[in-house]
Amino acid sequence: SLLYVVMYCGYLWLPHNLSNDKLARTIMRFFKARTWSIGQGDYLGGQGKIEEVEYRWHTVEMEFNAPLQEWIGTVLDYCYPLPGGMSRILHQNGQ
């Protein structure tokens, strides 16, 4: 998805508020984490993306420049609305 490409590139090459440690953990959990499925005999990925669309766990602390921040929030809210119509921006601010 374009959303994930923009987020990945933003994490790596654009100014943001995450420390190097937090950035490494976020990229690992969001993009690279996988688990072994005994039933399928293979690795399964995508849990970080599921967590993001359901809870916004990986972007709640992230801050990019305002236009990019708004675009990411808008795309997430449009494609994957939070329960009760809560927006990503309100969720980010703890409201």
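Note that the structure is a prediction, hence the values are computed from the model and not measured.

Description of the pairing of strand E1 (residues 34–37)
For E1 and strand E2 (residues 42–45), the ladder comprises four bridges, and the chain directions are antiparallel. Within E2, the position partnered with Thr35 by the bridge is Leu44. Here E1 folds back onto E2 in antiparallel fashion, the turn holding four residues, of which Gly41 has a positive phi close to 65°.

Things to note about helix H4 (residues 66–79)
With 14 residues, H4 should cover 20 Å at 1.5 Å per step; its first-to-last C-alpha distance of 20 Å lies within 8% of that length. For H4, the full list of buried residues reads Leu68, Gln69, Ile72, Gly73, Val75 and Leu76. Down the axis, H4 shows its buried residues gathered within 165° of arc, on one side only. Along H4, the residues that are exposed and aim more than 90 degrees away from the buried face are Ala66, Pro67, Glu70 and Tyr78.

What counts, and at which threshold
Residues numbered from 1 in each chain as written. Predicted model: local features only at pLDDT ≥ 70, side-chain atom pairs only at ≥ 80, totals over all residues. Heavy atoms only, no water. Pairing = 2+ DSSP bridges. Helix = DSSP H or I, 4+ residues; strand = E, 2+ residues; numbered from the N terminus. Expected span 1.5 Å × (residues − 1). Buried < 20%, exposed > 50% of the residue type's maximum accessible area, 1.4 Å probe, protein only. Arc of directions from axis to C-beta.

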